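# Fold and geometry: a report
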Amino acid sequence: MLKSVLGVVGGSGIYDLPGLENAQWIAVESPWGQPSDSVRIGYIGELKVVFLPRHGRGHVYAPSDINYRANIDVLKRCGVTDLVSVSACGSLKEELAPGTFVLVDQFIDRTFAREKSFFGQGCVAHVSMAYPVSPELVDRVEDAAKAEDLSYSRGGTYLAMEGPQFSSLAESQLYRSWGCDVIGMTNMPEAKLAREAEICYSSVAMITDYDSWHPDHGEVDIQAILKVVHDNASNAQSLVARIARDFPVERNACPIGSDKALEFAIMTVPEARDAELLSRLDAVAGRVLKS
Ligand SMILES: CSC[C@H]1O[C@H](OP(=O)(O)O)[C@H](O)[C@@H]1O
Ligand SMILES: Nc1ncnc2[nH]cnc12
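Residues numbered from 1 in each chain as written. Chains lettered and ligands numbered in written order. Predicted model: local features only at pLDDT ≥ 70, side-chain atom pairs only at ≥ 80, totals over all residues. Heavy atoms only, no water.

## Points about empty space enclosed by the protein
Vacant regions in the atomic arrangement are exposed by a probe of water-molecule size rolled over the atoms. To be explicit about the condition: Of the two site types, the cavity is a set of points on a 1 Å grid over the protein atoms alone where a 1.4 Å probe fits but cannot get out, and the pocket is an open set with protein on both sides within 12 Å along at least five of seven lines, each lined by residues with an atom within 4 Å of a point. Grid points are joined across faces, edges and corners, and a volume is the space filled by probe spheres set on the points. Each helix corresponds to a stretch of at least 4 residues labelled H or I by DSSP, and each strand to a stretch of at least 2 residues labelled E; elements are numbered beginning at the N terminus. For this classification, the nonpolar set comprises Ala, Val, Leu, Ile, Met, Phe, Trp, Tyr, Cys and Pro, the charged set comprises Asp, Glu, Lys and Arg, and every other residue, Gly included, is treated as polar.
The full count for this structure, using the stated rule, is one cavity of 30 Å³ or more. Its boundaries defined by the atoms lining it, the largest cavity holds a volume of some 30 Å³. As for the largest cavity, its lining consists of G11, S12, I14, V86, S87, A88 and M206. Sort the elements by how many residues they give to the lining of the largest cavity and strand β6 (residues 82-91) lands first, with three residues. Counted by class, the lining of the largest cavity contains four nonpolar, three polar and no charged residues.

Quick look at the structure:
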């Protein structure tokens, strides 16, 4: 049986993960550059938990400035097998009110100014993103949301925008016409990179506002968002704490193969691979490159 290591990426308003035993902030180096912060590593019983604040402690990095590759690489180096991403987001549906936690299952990636792959010239790979989240991991998140009696909705499409400005009314209406449920600035390329790194991914999007489309709610207002973030921080913390507390120490293979995503993904023949890129892929693709 394989051991689980639970990773948690904290979004806006979540800069620490209380309740871990023997917890320490540890600076982990990455060949992909500077991650957002040190990682907080600790245990809940036998389960190792690794936490990373996505924007850094003190909210230093804007969505476009986050080094998503370094973040996923350091989580992989710490052995993370399952990653729960926690985010603030806007609602694109009347019925998804502020305070609701959406267990996202699909994404539309409209970001354009970010590094989105660990692979490229000298080692080309193509992984599937048809099903970006791992259903067993989402089951664990849903069980925790139920146990904590939180308002949640399972399933939903997250529109990832570049930002940092919020959407215009026309953009907000366009995304609604596409059937999107929530909007945020950070889950892409995070989800794509987790898949390349063979880490099971799930996203919990906490609704903080109705974006720009809702006639009764006016424009997005950062002060109002921060108030919702603040008012719901304890719910987010208790959700994550419950996920960690109940998380199985031993894991099954991912039913959709997220943990084997690279098995047949690398196209570049061994003799044409770039040595420098291969050395940077040691953590992310070590499993397939070693064999
Ligand atoms: C707090 S408003 C905008 C900010 O919040 C979200 O960040 P995260 O996904 O890390 O919680 C959103 O994507 C923006 O970065
Ligand atoms: N309306 C919104 N658009 C993008 N990111 C957000 N994060 C929180 N609310 C948001």
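Having put the structure on the table, let's press on.
## Overview of the site of ligand 1
The cut-off we apply is this: One heavy atom within 4 Å of a molecule or strand makes the whole residue count as near it. Pairs of N or O atoms within 3.5 Å make up the polar contacts considered here, provided that, within protein, one atom can donate a hydrogen while the other can accept it, and that residues adjacent in sequence are counted only when both atoms are side-chain atoms. Accessible areas in this description were obtained via Shrake-Rupley with a 1.4 Å probe; residue shielding takes into account the shown protein chains only. By definition, a pocket or cavity contains a molecule when more than half of the molecule's atoms lie within 2 Å of the pocket's grid points.
The full set close to ligand 1 counts 13 residues, and R54, H55, A88, M185 and T186 are the nearest of them. A distance of 2.7 Å separates an oxygen atom of ligand 1 from a polar backbone atom of M185. Burial of ligand 1 by the protein chains amounts to 91% of its free accessible area of 380 Å². Among the cavities detected, the one that contains ligand 1 is the largest pocket. Secondary-structure elements contributing two or more residues to the shell around ligand 1 are β6 and α5 (222-246). The residue makeup of the shell around ligand 1, split by class, is six nonpolar, six polar and one charged.

## Focus: the UniProt feature "binding site: substrate" (unreviewed entry) in the chain
Spelled out, the test is: UniProt positions are given in the numbering used here, feature names are shortened, and annotations may be inferred rather than shown by experiment. Should any heavy atoms of two residues lie within 4.5 Å, those residues are counted as being in contact.
Look at the UniProt record and you will see "binding site: substrate" (unreviewed entry) annotated at M185, D209, Y210 and D211. Within the annotated group, the residues that form the lining of the largest pocket are M185, D209 and D211. The residues touching D209, leaving out its near neighbours within four places in the chain, are C89, G90, S91, P98, V220 and I225. Among the polar contacts listed, one links the side chain of D209 to the side chain of T208, at a separation of 2.6 Å. Mapping Y210 onto the fold places it in the loop between β12 (200-209) and α5. A polar side-chain atom of Y210 sits 2.7 Å from the main-chain carbonyl oxygen of E94.

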